[in-house]
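Chain residues, written in single-letter form:
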Amino acid sequence: MKQEIIIAGFGGQGVLSMGKILAYSGLMEGKEVSWMPSYGPEQRGGTANVTVILSDDRISSPVLNEYDIAIILNQPSMDKFESKIKPGGILIYDGYGIHNPVQRTDIEVYRVDAMDAATEMQNEKAFNMLILGGLLKVAPMVKTENVLLGLKKSLPERHHHLIPMNEAAIVKGMEIIRKEK
């Protein structure tokens, strides 16, 4: 098993955190892992992306030109990464941040309305966990219990009381993701 993933959106959407949690989860399952963030100096509001590779075998390079899975959270990221998904790959996007429809017909496209669900939950910080739940529903590459352990490892201890809310967001994300076309 090898999954090459790009997660891209605006800084402040939890893009890098989502990637880190996914990477920790893979480590806990004994997988080879690469986590490579990329963001501008503006962080919040500027574009950010992270490449995560989970593999049963050694990873030769963290630098990728194509991805098995792309999680796209804003239009600039869609414009940049839609063409870089391997044929037969998966694109997951949040409907709130995308204005132009997906053009590719050779990939599986999923929509998860995470911003709407986060607003319903009255917790915008749950946004990235809703997206992560959607990813794990369509591509269960790591176990949910390891995601929660990864979350615990990546969150400062003062925020550990938020783990149950994040777990609920992951479950909700699994429920609301929908395949398009």
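Report on the accompanying structure.

Calculation rules
- Residues numbered from 1 in each chain as written.
- Predicted model: local features only at pLDDT ≥ 70, side-chain atom pairs only at ≥ 80, totals over all residues.
- Heavy atoms only, no water.
- Core = buried A, V, L, I, M, F, W, Y, C linked by side-chain atoms within 4.5 Å.
- Buried < 20%, exposed > 50% of the residue type's maximum accessible area, 1.4 Å probe, protein only.
- Contact = heavy atoms within 4.5 Å.
- Helix = DSSP H or I, 4+ residues; strand = E, 2+ residues; numbered from the N terminus.
- Expected span 1.5 Å × (residues − 1).
- Arc of directions from axis to C-beta.
- Polar contact = N/O pair within 3.5 Å; in protein donor to acceptor, adjacent residues only side chain to side chain.
- Pairing = 2+ DSSP bridges.
- Right-handed = clockwise from strand over helix to strand, strands pointing away.
- Phe/Tyr/Trp six-rings, centres within 6.5 Å; stacked < 30°, edge-to-face > 60°.
- Salt bridge = Lys/Arg side-chain N within 4 Å of Asp/Glu carboxyl O.
- Axes fitted to C-alpha atoms, helices over the stretch in contact; angles between N-to-C directions.

### Things to note about the nonpolar core
Step number 1: Residues L22, I71, L132, L135 and M141 are the most contacted members of the largest nonpolar core, which totals 38 residues.
Step number 2: Setting aside residues up to four positions removed in sequence, L132 forms contacts with M18, I21, L22 and V147.

### Notes on helix α6 (residues 163-176)
Step number 1: Taking 1.5 Å of rise per residue, 14 residues should cover 20 Å, and α6 covers 20 Å from first to last C-alpha, within 8% of that figure.
Step number 2: For α6, the complete set of buried residues consists of I163, N166, A169, I170 and G173. The buried residues of α6 occupy an angular sector of 110 degrees when the element is viewed end-on, so they sit on one face.
Step number 3: Packed against the buried residues of α6 are α4 (127-138) and α5 (144-154).

### Comments concerning the side chain of N123
Step number 1: Residue position: N123 is located in the loop between α3 (114-120) and α4.
Step number 2: The class of N123 is buried, set by a relative accessible area of 18%.
Step number 3: One polar contact links the side chain of N123 to the main-chain amide nitrogen of K125, over a distance of 3.0 Å.
Step number 4: Residues in contact with N123, not counting those within four places in the same chain, are A118 and M165.

### Considering the pairing of strand β5 (residues 85-93)
Step number 1: Judged from the five bridges that link them, strand β4 (residues 67-72) and β5 form a sheet pairing that is parallel. Note on β5: the bridge partner recorded for Y67 is I85.
Step number 2: Read from β4 through helix α2 (residues 75-81) to β5, the crossover connection turns out right-handed.
Step number 3: The sheet contact formed by β5 and strand β6 (residues 108-111) spans four bridges and is parallel. Counted as the bridge partner of I92 is Y110 from β6.

### Considerations on the packing of aromatic side chains
Step number 1: Summed over all chains, the structure comprises one aromatic pair.
Step number 2: When the ring of Y67 is compared with that of F81, the centres are 6.2 Å apart and the planes differ by 80 degrees; the resulting orientation is edge-to-face. Note that Y67 is positioned in strand β4 and F81 in helix α2, a separation of 14 residues in sequence.
Step number 3: Given a relative accessible area of 5%, F81 falls into the buried group.

### Some remarks on the pattern of salt bridges
Side chains that carry opposite charge are capable of pairing whenever their charged atoms lie near each other.
Step number 1: Per the counting criterion, the structure on display carries eight salt bridges.
Step number 2: Across the pair K2 and E4 runs a salt bridge whose closest N-O atoms are separated by 3.5 Å.
Step number 3: The exposure class assigned to E4 is buried, which follows from its relative accessible area of 9%.
Step number 4: Between K31 and E29 there is a salt bridge, with its nearest N and O atoms 3.8 Å apart.
Step number 5: Note on K31: relative accessible area 14%, which makes it buried.
Step number 6: Looking at E29, the relative accessible area reads 25%, which means it is partly exposed.
Step number 7: What you see here is one network of salt bridges that share partners, running through K2, E4, D68 and K86.

### What to know about the sheet that holds strand β2 (residues 32-39)
Step number 1: Across the sheet, which stays open at both edges, the seven strands sit in the order β2-β3-β1-β4-β5-β6-β7 with mixed pairing between neighbours. Of all the strands in the sheet, just β2 and β7 (178-179) have a single pairing partner and so form its edges.
Step number 2: Running at roughly 10 degrees to strand β3 (residues 47-55), helix α1 (residues 15-28) makes contact with β1 (2-10), β2, β3 and β4 of the sheet.

### Topic: the pairing of β3
Step number 1: Buried residues dominate β3, accounting for eight of its nine residues.
Step number 2: In terms of strand pairing, β1 meets β3 through nine bridges, oriented antiparallel. When the bridges of β3 are listed, I6 appears paired with T51.
Step number 3: As paired strands, β2 and β3 are joined by eight bridges and run antiparallel to one another. Note on β3: the bridge partner recorded for S34 is I53.

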